[in-house]
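Residues per chain, in single letters:
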Amino acid sequence: MTARTDEGTLGYEQARDELIDVVRRLEAGGTTLEESLALWERGEELAKVCRRWLDGARARLDAALAERDEPGGQGAPGAAGATADGGGASADGGGDERGPGR
């Protein structure tokens, strides 16, 4: 397993790639219970890092769209409502505000 890096310094792509590696190792089997638990815990940490980045990106997009649609803002009125998922609520409803907009 990769040496633990401070979660605050991991970029989204780094965390995602390491998470993919962790999942592959868990699925392959052949590890001791202790190793499997350590991999699982690392995977949970990495998933949280990814979620914070994605939540931060969503917040930045929502803010940009809201600013664009304010009176005197740039862009076409009403265009912000045309997002594919229809909203800005995160799937897990939680998480802190860390991420790309820290």
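Residues numbered from 1 in each chain as written. Predicted model: local features only at pLDDT ≥ 70, side-chain atom pairs only at ≥ 80, totals over all residues. Heavy atoms only, no water.

Student: Just to check I follow, could you spell out the nonpolar core for this structure?
Tutor: Nonpolar side chains in soluble globular proteins generally cluster together in the buried interior. Residues Leu10, Ala15, Val22, Leu39, Leu46, Val49 and Cys50 constitute the largest nonpolar core, which totals 7 residues. Every element with two or more residues in this core is listed here: α1 (12–28) and α2 (33–69). Of the residues forming this core, the biggest block, 4 residues, is contributed by α2. Each residue touching leucine 46, except ones within four places of it in the same chain, is listed here: Leu10, Ala15, Glu18, Leu19 and Val22. (Core = buried A, V, L, I, M, F, W, Y, C linked by side-chain atoms within 4.5 Å. Buried < 20%, exposed > 50% of the residue type's maximum accessible area, 1.4 Å probe, protein only. Helix = DSSP H or I, 4+ residues; strand = E, 2+ residues; numbered from the N terminus. Contact = heavy atoms within 4.5 Å.)

Student: So what exactly am I meant to see when it comes to the packing of α1 against α2 here?
Tutor: Helix-helix packing is described using two parameters, namely the angle between the two axes and the distance between the axes. Taken N-terminus to C-terminus, the directions of α1 and α2 make an angle of 150°; their axes are 9 Å apart at the nearest point. It follows from the interaxial angle that α1 and α2 lie roughly antiparallel. Between α1 and α2 lies a crossing whose hand is left-handed. On the side of α1, the interface is formed by Tyr12, Ala15, Arg16, Glu18, Leu19, Val22, Arg25 and Leu26, while α2 contributes Ser36, Leu39, Trp40, Arg42, Gly43, Leu46, Ala47, Val49, Cys50, Trp53 and Leu54. Within the contact of α1 with α2, the residues separate by chemical class into 13 nonpolar, 2 polar and 4 charged. (Axes fitted to C-alpha atoms, helices over the stretch in contact; angles between N-to-C directions. Parallel < 35°, antiparallel > 145°, perpendicular 65-115°, else oblique. Left-handed = near helix turned anticlockwise from the far one by under 90°. Nonpolar A, V, L, I, M, F, W, Y, C, P; charged D, E, K, R; others polar.)

Student: I tried to follow α1 on my own but got confused; where do I start?
Tutor: Two residues of an α-helix separated by three or four positions point the same way, owing to the 3.6 residues in each turn. With 17 residues, α1 should cover 24 Å at 1.5 Å per step; its first-to-last C-alpha distance of 24 Å lies within 8% of that length. All buried positions along α1 are accounted for by Ala15, Glu18 and Val22. Projected down its long axis, α1 shows its buried positions confined to an angular sector of 70°, all on one face. Looking at α1, the residues exposed on the side facing more than 90 degrees away from the buried face are Arg24, Glu27 and Ala28. Where the residues of α1 are buried, they touch α2. (Expected span 1.5 Å × (residues − 1). Arc of directions from axis to C-beta.)

Student: I tried to follow the pattern of salt bridges on my own but got confused; where do I start?
Tutor: Side chains carrying opposite charge are able to pair once their charged atoms draw close together. One pass over the structure, following the stated rule, counts 6 salt bridges. The partner of arginine 42 in a salt bridge is glutamate 18, and the shortest N-O contact between them spans 2.8 Å. On the criterion of sequence distance, the pair formed by arginine 42 in helix α2 and glutamate 18 in helix α1 is long-range, its members being 24 residues apart. Relative accessible area serves as the criterion here: at 1%, arginine 42 is assigned to the buried category. Among the residues examined, glutamate 18 registers a relative accessible area of 9% and is labelled buried. Measuring nitrogen to oxygen at the nearest pair gives 3.0 Å for the salt bridge that ties arginine 42 to glutamate 45. One end of the pair, arginine 42, and the other, glutamate 45, are both in helix α2, 3 residues apart, so they sit about a helical turn from each other. By sharing partners, the salt bridges in this structure join Glu18, Arg42 and Glu45 into a single network. (Salt bridge = Lys/Arg side-chain N within 4 Å of Asp/Glu carboxyl O.)

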